[in-house]
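Each chain, letter by letter, is given below.
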Amino acid sequence: MSGQRYKWIGTRPNRPDGAHKVTGRARFGADFNMPGQLVGKVLRSPHAHALIKSIDTSKAAALPGVKAVVTSGDFPEQPDQIVPAGEMQVNLRDVTRNVMAREKALYDGHAVAAVAATTAEIAAEALALIEVEYEVLPHVIDVAAAMRDGAPILHDHLRTEGLTPPSNKPTNIAKRLEFAKGDIAAGFARAEVVIERDYTTAPVHQGYIEPHATLASAAEDGQIQLWSTTQGHFQVRGFCSRLLNIETSQLRVTATEIGGGFGGKTVVYLEPVAIRLSQKAGKPVKMVMSRDEVFRASGPTSGGTIKVRIGATRDGRIVAADCTVALQSGAFPGSPVGPACMCSFACYDIDNIKVVGFDVVSNRPKVAAYRAPGAPIAAWAVESTIDLVAEALHMDPIELRLKNAAKKGTKTHYGPTFNVIGLVETLQAAKNSAHYKSSLAPGRARGVAAGFWFNVGGDSSAAAHVGEDGTVTVISGNPDIGGSRASLALMAAETLGVPYEKVRPVIPDTSSIGFNFVTGGSRVTFATGLAVVNAVRDMIEQLKARAAKIWEVEPDAVIWEDGYAKPSSSNVGKFEPLSLAQLASQAGKTGGPINGHAQLNAQGAGPGFGVHIVDLAVDRDTGIVTIERYTAVQDVGTAIHPAYVEGQLQGGVAQGVGWALNEEYIYDAKGRLQNAGFLDYRMPVASDLPMIETVLVEVPNPSHPYGVRGVGEVPIVPPMAAIGNAIARATGVRMIDLPMSPPRLSAALDAVPRKLAAE
Amino acid sequence: MAHVVLTYSFARQFADGRTEHEVPGNSVRHLIRALDERYPGIGARLSNDVAVAIDGVIHQNAFLEPVEPGSEVCFIPALQGG
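Each value, and the rule that gives it
- Residues numbered from 1 in each chain as written.
- Chains lettered and ligands numbered in written order.
- Predicted model: local features only at pLDDT ≥ 70, side-chain atom pairs only at ≥ 80, totals over all residues.
- Heavy atoms only, no water.
- Contact = heavy atoms within 4.5 Å.
- Buried area = accessible area lost by both parts, 1.4 Å probe.
- Salt bridge = Lys/Arg side-chain N within 4 Å of Asp/Glu carboxyl O.
- Polar contact = N/O pair within 3.5 Å; in protein donor to acceptor, adjacent residues only side chain to side chain.
- Nonpolar A, V, L, I, M, F, W, Y, C, P; charged D, E, K, R; others polar.
- Core = buried A, V, L, I, M, F, W, Y, C linked by side-chain atoms within 4.5 Å.
- Buried < 20%, exposed > 50% of the residue type's maximum accessible area, 1.4 Å probe, protein only.
- Helix = DSSP H or I, 4+ residues; strand = E, 2+ residues; numbered from the N terminus.
- 1 Å grid on protein atoms, 1.4 Å probe; cavity = no way out; pocket = protein on both sides within 12 Å on 5 of 7 lines; lining within 4 Å.
- Points joined across faces, edges and corners; volume = space filled by probe spheres on them.
- Phe/Tyr/Trp six-rings, centres within 6.5 Å; stacked < 30°, edge-to-face > 60°.
- Lys NZ or Arg CZ within 6 Å of the ring centre and 35° of its normal.
- Pairing = 2+ DSSP bridges.
- Axes fitted to C-alpha atoms, helices over the stretch in contact; angles between N-to-C directions.
- Domains from an automatic or database assignment.

The next thing to look at is the interface of chain B and chain A. Think of interface size as the accessible area that goes away when the parts come together; that is how it is often given. Each partner contributes residues to the interface: chain B has 27 residues there, and chain A has 39 residues. Summing the contributions of chain B and of chain A, the shared interface buries around 2700 Å²; its carbon and sulfur component is 53%. In terms of surface lost to chain A, no three residues of chain B exceed B:Arg12, B:Gln80 and B:Gly82, which account for 24% of the buried area on that side. Scanning the region where chain B abuts chain A turns up 2 salt bridges. Across the pair B:Arg12 and A:Glu178 runs a salt bridge, and its minimum N-O distance is 2.5 Å. Inspection of the region where chain B meets chain A yields 12 residue pairs in polar contact (both at pLDDT 80 or more). Split into classes, the residues belonging to the side of chain B that touches chain A amount to 9 nonpolar, 11 polar and 7 charged.

Right, here's the structure in full:
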């Protein structure tokens, strides 16, 4: 634990948005409406890969009640280059084609046209009247197949970046990456135990409960208002302004309450379409995806293949490790293969490492971020192999990890040397946890895995205003997904020395606060928290100056302590401390309103590490896995609001259990998605999970005044391997493919004679 | 002089395969400029879509960040999250 004592940080008050959410008062994406609004709907490709030879919208446009129709011709062509949009580096050529197919439909569900009509029924009827002439092309779904010579090529212009010498051959491999340290051959030559396996993972959807939804209102004078369920309304503004050639000052975006995002709501799908329809129709246009559309046309994260080899000496020292990761990015380049490569062996201090990555396109929806993008995929393979090494060496899996754990001073294979990190403390906490010390019940087996995520910082703006009664409004620009309002208010209260209840956090539209990068990368409590702390500190300086004016002393003769201005010493004079409310009540007489502001590019987000322990049982007849007990241990820096930190850990585990045991996309022979709904795409429900236990380890981040590290992504990194490791110990069968679903696990168990498996 | 570390991919693409370099400069901007003089073209690549770790602390959009003599400065692919 940090050893620091705070008055408000570390407490567990109710979240400021809690009452609104549990009473149904909170307004999510689909809850916004305007007078005279139209209903927008999208026509989607039924083909996985097809040339669009023509689109005839005349019959749809002529249907009474239809007010606008758009196709790709309504969106300006974009250059084939990486440019910033809302501070994200994106290839706008690809983004505009993902929003609305241009020359080709590249996946089942790819948008090809859209309509706005007075009713949903008329809009649906209009879609049926749009005539699209397709030339169906051969398609490719899986990453390994997409990499083979002779695979159907998605983009004729695509060449593999990162090849030496460069290749001019059309390909589905968009990029090759390589990271290395030491001498991999010499390292493996020293190894006394070498384990090598090939693994796969399936693409999985973020599974947010709230579908994408937006409402656009374009006025005749060019001003546009947009409401969107998003993780970053400044990014929505950035994308839409770029895609539609609209000045950012003309576009005012409000982030609605959000029913989950997990990375999947950091990009745009409906928003540019709704704006264009609204501009053409002259009326507001509302668009809401169905669940079928969410699955067919948004997210998911990549699936991939991972080859891992780890070599160790008999005393448990890992001396060499390499892996090759190939991730499918969906229809356009941009999988998280870079982070996957960098996270792969980040938990370990190994002298000799080589990691190669490939970014591969295939006829699936373009992938979007999903908690710690890429890291869970690499961890599934690496942490499973680490477990095999522990088995081969007859070592406790936590002891093996402790013996090789990265720590301050460890040089990573992707370059940087770690500063203060908490992996060793986290492994020790896991080892000493009640769960790990407990005996296994009969029929159960235990698995362990570790995980790493960088966490990020970035641009944030914040303001703090004092009302005339001394209560405080804290304004910042990140949609609240995981309780960030509460965390920001706690840090403001701590800094200002006032009760949490006196601080009201607000998230306004893009015109009412400076730029904030997305709610993602586990950055908000760190980066926007830093902006809030600095804004409050700015306000405190003004409060001190006002007290100095009242007392007729120099400003540096005043200190701020526990919510009061006080003389810095008895030499200043004898003055009664002035409260925030007293100073606020006299603000007009002492210089006007008292506000604080801050804007920054937060640097030094502290990396996070987690260690998970799972006990489970396997029904050998059905292949059904029952999670009996689960503990997530994580270095969280400082838990600003422990309950919401625990919630992040529990949520990550729940999603990881789904990723491990059930979730996958099922395509038919024509490349059409067959399970686009929660009935057939099986995510965990409450009855699938035990109460997930958490252990919060606090190794403060030296780059934040309260030691904050991001916490939201690490917990989805270890679960798949932890569960796979437990299944291997329960059954004797090592699973290498995700998901370890009942049919797949049952088949694997059937393939091994029961007696052998029991051995 | 700062100790600059490039990934293998950056090194192979722009720096004759050399991943480690001693580079003069007291800010990230100066290091990029000096590297570009040695390896024309690398400057543009290292100025966009790249994160920079200075003595183990990762910076997004690093440009003016100061660099001490002997500092380890690593250029790595940009990071985003979910």
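Read on for the rest.
A few words now on the nonpolar core. All names here are of chain A. Within the largest apolar cluster, 118 residues are counted, with the highest numbers of intra-cluster contacts made by Phe345, Ile723 and Ile727. Looking at this core, the element that brings in the most residues is helix α11 (residues 375-393), giving 12 residues. Ignoring anything within four residues of it in the chain, the contact list for isoleucine 727 reads Leu616, Val618, Val625, Leu661, Gly732, Val733, Met735, Met740 and Leu745. Judged by nonpolar contacts, the second largest core, of 51 residues, contains Val466, Leu530, Ala584 and Ala605.

This paragraph deals with empty space enclosed by the protein. Under the criterion given, the structure shown has 5 cavities of 30 Å³ or more. Taken as a whole, the largest cavity holds about 180 Å³ of empty space. If you trace the largest cavity, you find 20 residues lining it, with A:Ala605, A:Gly606, A:Pro607, B:Gly56 and B:Val57 closest to the centre. Residues that form the lining of the largest cavity fall into these classes: 11 nonpolar, 8 polar and 1 charged. When its volume is computed, the second largest cavity comes out at roughly 80 Å³. Lining the second largest cavity we find A:Val42, A:Arg44, A:Asn98, A:Val99, A:Tyr107, A:Ala111, A:Tyr269, A:Leu270, A:Val273, A:Met289 and A:Ala297.

With that settled, consider the packing of aromatic side chains. Residues and elements named next belong to chain A. For the coordinates displayed, the defined rule picks out 17 aromatic pairs over all chains. Their ring planes at 75° and their centres at 5.6 Å tell us that tyrosine 414 and phenylalanine 454 sit as a pair that is edge-to-face. With a gap of 40 residues between them, tyrosine 414 in the loop between α12 (397-403) and α13 (423-431) and phenylalanine 454 in the loop between β18 (445-453) and β19 (458-466) connect regions that are remote in the sequence. Neither residue differs from the other here; tyrosine 414 and phenylalanine 454 are each classed as buried. Feature note: the residues Tyr414, Phe418, Phe452, Trp453, Phe454 and Phe609 constitute an aromatic cluster, connected by ring pairs. Geometry around tyrosine 644 places arginine 15 over its ring, the cationic atom sitting 5.1 Å from the centre. Over the ring of phenylalanine 188 we find arginine 309, and its NZ or CZ is 3.6 Å from the ring centre.

Looking now at the sheet that holds strand β24 (residues 578-579) of chain A. Residue and element names in this part refer to chain A. Pairing is antiparallel across the open sheet formed by 3 strands, whose spatial order is β22-β23-β24. This sheet does not close on itself; its edge strands, each paired only once, are β22 (558-561) and β24. Those strands touched by helix α16 (residues 524-551) are β22, β23 (564-567) and β24, and its axis lies near 130° from that of β22.

A few words on the domain arrangement of chain A. Residues and elements named next belong to chain A. What the domain assignment reports for chain A is domain 1 (2-25 + 457-602), domain 2 (32-137 + 210-259 + 265-297) and domain 3 (304-455 + 606-750). Here the C-alpha centroids of domain 1 and domain 2 sit 39 Å apart. The interface is formed by 21 residues belonging to domain 1 together with 18 residues belonging to domain 2. Buried surface at the junction of domain 1 and domain 2, both sides included, amounts to about 1500 Å², of which 58% is carbon and sulfur. Inspection of the domain 1/domain 2 interface yields 3 salt bridges. Measuring nitrogen to oxygen at the nearest pair gives 2.6 Å for the salt bridge that ties glutamate 257 to arginine 485.

What follows concerns the pattern of salt bridges. All names here are of chain A. According to the stated counting rule, one finds 40 salt bridges over all chains in the structure shown. The partner of arginine 252 in a salt bridge is aspartate 509, with the nearest N and O atoms 3.1 Å apart. Of this pair, arginine 252 sits in strand β13 (residues 251-255) while aspartate 509 sits in the loop between β21 (503-506) and α16, and the two are 257 residues apart along the sequence. Among the ionic pairs, aspartate 387 bridges to arginine 729, the shortest N-O distance being 2.7 Å. With aspartate 387 in helix α11 and arginine 729 in helix α20 (residues 719-731), this residue pair connects regions lying 342 residues apart in the sequence. We classify arginine 729 as partly exposed; its relative accessible area is 34%. One connected set of salt bridges, linked through shared partners, spans Arg15, Asp17, Lys21, Glu257, Asp480 and Arg485.

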